[in-house]
Every structure is written in C-alpha cells, then in structure tokens.
Amino acid sequence: MSAIILLTAVSLAQLIFALAMVIASVRMLRGPRAQDRIIALDTLYINAMLLLVTFGIGTGRTAYFEAALVIGMLGFVATVAMAKFLMRGEVIE
Amino acid sequence: MLPFPILTFCLMIMWMLLNGFTLGHLILGSLVGFVAGWALASLRPEKPRLKKWYLLPKLAAIVIVDIVRSNFSVARLIVMGKKRPNSSGFILLPVQTENPFALAVLAVILTSTPGSAWLEYDSRNKTVLLHVLDFIDRDEWVAMIKNRYEVLLLEIFE
Amino acid sequence: MMQPISDFPLWAAIAVAVFLLLGAILTLIGTIGFLRLPSFYERLHAPTLGTSWGVGGTMVASMIFFTVGTERYVIHEILIGVFVTVTTPITFMLLARAALHRDRAEGDQQVPHKMDLGGTRDAD
C-alpha cells in the first residue's frame, strides 16, 4: 500500500516538475525582454534542482542531493552574473 | 580568538550535516570554521550587533506563517487568472532604520514572501521602492510591513 | 541501509506524498503564473512560489523519506532550503534593479522615476 502511494506521488511530482520546466522554457524562448529570459532560466534551475531531489526520493540514493546542491549554487552565480551584465554591460569591472 | 563565532558555528554545523555527525568531523569542521572566521576577520567587515537575539525565533515564526499564507493567496490570484481586476502596483515605503543588517533582513523577508518584491533602496531619502501583486490600499501595506517586521527588526538590531 | 519502500509505515508514505505533491503543484502554479501574467514586475512574483513552498515542501518530503528509510536522522536537505531562501532575494533584487534601470533608460512611463533627479547614483 505505502509502496503504491510513494511510487504514484514520486512519478506525479516528476511529471509536474517536468511540465513546469517546459512552461519556463516557453517563457524563456518567448521573452519578450532579456530580464524575462533570465528569470525563466533561474526558474529552470530551481525546477531542475527540485526534480533531482525527487529522483533521489524515487531511487533511495542520497547522491542526488549533492548534485542538486551543485545545480543550485551554479544557478545562483550564473543568474547574478547575468543580472550584473544587464545593469552595466559587463560582468567584471 | 573567535572573531566571528556565529559564522564559525554555522560552518561547523554545515560540515557535519554534509559529512556525518562523528567526532572526527566535529574536529575537522571546527578547524574549517576557525580558518574561515580568521580569513573573514582579515577583510574587516562591519560586525552585526544583535541587541535582542532572543526575538529572532519570533520573527522567523511570523515570516514562515506569512510565507505560507501569501503562497496560497498568490496561487489563488494566478488560478483565478483574467477574472480578477488588474491590481498590482508600486509602493514607496519609508523605512526608519539605516542599519544595513536590518535592511538586508527586511529585503530577504519581503522578496521571499510571494506577492511583494523589493526593487530598490534609496539611502538618501530612506525609502524603498516595492512592487506588490495584490495592491488594495497603499497605507495598509505600509502599516502592515511596519508593524509586523520593522518594529521587531528595530528591536533586534538597534 | 535503505529499507524497501514496501516496508514503509503508511503515515510516512502519506506525509511524503502530501508534501511532495503540494510543493510540486505550487511550483507548477508559480510557473504558470510566470507565463500568464502580463507585465515583467508582476511576473517577478510568480517564481517565488517555487522558491518558497516548492523548495520547502520537497525538502520536508525528502527529509521524512530518508529519515524513515534509513532509520537515522537525515536533515542535510535543510541546507538546500537555507541556501535557496538566502540567494533568491539577491538574484530577484538584482534583476529588478536591472529591469528598472533599463526601463528608465528607455523612458518607460509605467515605471516610477528616481526620487532625486540630478543626484548622485546610489552606491552599489
């Protein structure tokens, strides 16, 4: 019984996160401006991170957690660099 | 000896969360924390002074409740979609405090609560430009932020 | 190590499922709002659903799952939660300021002007 509940919930959550990633990519392709695309990319990072944590629950392995942490950190740095670029036109000054 | 005790402690806890709660990792984690504290001290940042640190859990509880509540109200706004009138708007919020740590905490609170976003702080006029999704009454928003967060922040940091 | 998921107690399975689905659905609603809301400053609010309850719900589900499954306390997921909570406001604030700067530079009338015209720019 609990196996059915867990498997259903994990597969459903994975589907939902994948759908959210598709929607975020639509906004990223559509724009209309650079700041919309950057926020879409940030949302994509967060959703990918959550999807990895869900994979970890599905397989019972803790290794996915570290991958999720790395994605979160790299996503943060990338978004900050791009926001800085939008404001000043250069990343390092 | 310990220039930044809170930072050292947090790094030690983080090290043990990632590697396991054993005596060896306690020693290694404390070592990492000490080195990081000294390294930060050589940069000479301004030190935060917590006057009434015991009010922090109260602030955290208020913020968590507010985040849960506004999550559901923003979700309702999005699901209702086009049937609602367009009610978002900009708010100019006057702030009393000039303490950078209080301002940083207020910015984190307001941005991580769905429905309000911190756009920009003007240090000369001591105002903050906010954007809110559910804009009903400007004074109500300002009073809510002042009574719920700013009073507590002023007590904690000043 | 990990016990098979068929041996999970029912309450743990239900708690994991509820937190996981709640987080996932709120993330999805946030992303849908991000697609549907008309202006940039309104769209800025929608992804915070994913970064607050989306992350929180998934973290709590993972914590319950691994704590029950390995029969010892597994709470390192809280690091992701703290990290996301601290970093999201930074990225959103920077992006909002960049957007304000760009809109003002283009003379957009929808955006409030800077209060002190002719003053010095604020320190970064």
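Described in the following lines is the structure provided in the data block. (Residues numbered from 1 in each chain as written. Chains lettered and ligands numbered in written order. Predicted model: local features only at pLDDT ≥ 70, side-chain atom pairs only at ≥ 80, totals over all residues. Heavy atoms only, no water.)

1. Regarding the overall build of chain A
- Scanning chain A for helices and strands turns up three helices and zero strands.
- Its helices and strands taken in sequence order, chain A reads α-α-α from the N to the C terminus.
- Relative to the globule expectation of 12 Å for 93 residues, the C-alpha radius of gyration of chain A, 16 Å, shows a markedly less compact shape.
- Taken along the three principal axes of its C-alpha coordinates, chain A extends 55 × 25 × 10 Å.
- Within chain A, the fraction of its 93 residues that count as buried is 46%.
- Excluding contacts between residues fewer than 6 apart, the proportion of contacts in chain A whose partners are at least 24 apart in sequence is 49%.
- Carbon and sulfur atoms form 74% of the exposed surface of chain A, whose accessible area is close to 4,400 Å². (Helix = DSSP H or I, 4+ residues; strand = E, 2+ residues; numbered from the N terminus. Rg over C-alpha atoms; globule rule 2.2 N^0.38 Å. Buried < 20%, exposed > 50% of the residue type's maximum accessible area, 1.4 Å probe, protein only. Contact = heavy atoms within 4.5 Å. Areas by Shrake-Rupley, 256 points an atom, 1.4 Å probe, with all protein chains shown as cover.)

2. Focus on a nonpolar patch on the surface
All names here are of chain B.
- A grouping of Ile6, Leu50, Trp53, Tyr54 and Leu56 is seen on the molecular surface, where their side chains present a nonpolar patch of about 530 Å² in accessible area.
- With respect to the helices and strands, the residue leucine 56 is situated in helix 3 (residues 56–80).
- Classification of leucine 56 by relative accessible area gives partly exposed; the value is 34%. (Patch = residues over 30% accessible without salt bridge, like charges linked within 9 Å, V, L, I, M, F, W, Y side chains within 5 Å. Salt bridge = Lys/Arg side-chain N within 4 Å of Asp/Glu carboxyl O.)

3. Structural notes on the sheet that holds strand 3 (residues 127–132) of chain B
- Pairing within the open sheet is antiparallel, and its three strands lie in the order 1-3-2 (chain B). At either end of the open sheet lies a strand with only one pairing partner, and these are strand 1 (89–94) and strand 2 (116–122) of chain B. With direction set aside, neighbouring strand axes in the sheet form an average angle of 25°.
- Against the sheet, helix 4 (residues 77–105) of chain C contacts strand 2 and strand 3 of chain B, and its axis sits at roughly 65° relative to strand 2 of chain B. (Pairing = 2+ DSSP bridges. Axes fitted to C-alpha atoms, helices over the stretch in contact; angles between N-to-C directions.)

4. A short note on the interface of chain C and chain A
- With 55 residues of chain C at the contact, the number on the chain A side is 52 residues.
- The interface formed by chain C and chain A holds two salt bridges in total.
- Between C:Asp103 and A:Arg33 there is a salt bridge whose closest N-O contact spans 2.8 Å.
- In this assembly, chain C and chain A are joined by five residue pairs in polar contact (both at pLDDT 80 or more).
- Among the secondary structure elements, those contributing two or more residues to the side of chain C that touches chain A are helix 1 (10–36), helix 2 (40–43), helix 3 (47–70) and helix 4 of chain C.
- It is helix 4 of chain C that provides the largest number of residues to the side of chain C that touches chain A, a total of 16 residues. (Polar contact = N/O pair within 3.5 Å; in protein donor to acceptor, adjacent residues only side chain to side chain.)

5. Let's talk about the layout of surface pockets
Residues and elements named next belong to chain B.
- Approximately 470 Å³ is the volume found for the second largest pocket.
- Together, 20 residues line the second largest pocket, and Arg69, Ser70, Ser73, Trp141 and Met144 are the ones closest to its centre.
- Taken together, the elements giving at least two residues each to the lining of the second largest pocket come down to helix 3 and helix 5 (138–157).
- Ranked by the residues each element gives to the lining of the second largest pocket, the list is headed by helix 3, at six residues.
- Split by residue class, the lining of the second largest pocket holds ten nonpolar, five polar and five charged. (1 Å grid on protein atoms, 1.4 Å probe; cavity = no way out; pocket = protein on both sides within 12 Å on 5 of 7 lines; lining within 4 Å. Points joined across faces, edges and corners; volume = space filled by probe spheres on them. Nonpolar A, V, L, I, M, F, W, Y, C, P; charged D, E, K, R; others polar.)

6. Concerning helix 2 (residues 34–59) of chain A
All names here are of chain A.
- The end-to-end C-alpha separation of helix 2 is 37 Å, in line with the 38 Å expected for 26 residues at 1.5 Å each.
- Extensive coverage of helix 2 is indicated by the burial of 19 of its 26 residues.
- Downstream of helix 2 by one or two residues, glycine 60 has phi in the positive range, about 75°. (Expected span 1.5 Å × (residues − 1).)

7. Some points on empty space enclosed by the protein
- Under the criterion given, the structure shown has five cavities of 30 Å³ or more.
- Considered as a void within the structure, the largest cavity measures approximately 110 Å³ in volume.
- For the largest cavity, the lining is made up of 13 residues, of which A:Asp42, A:Ile46, A:Gly72, A:Phe76 and C:Thr87 are closest to its centre.
- Among the elements of the structure, helix 2 and helix 3 (63–88) of chain A together with helix 4 of chain C are those that each provide at least two residues to the lining of the largest cavity.

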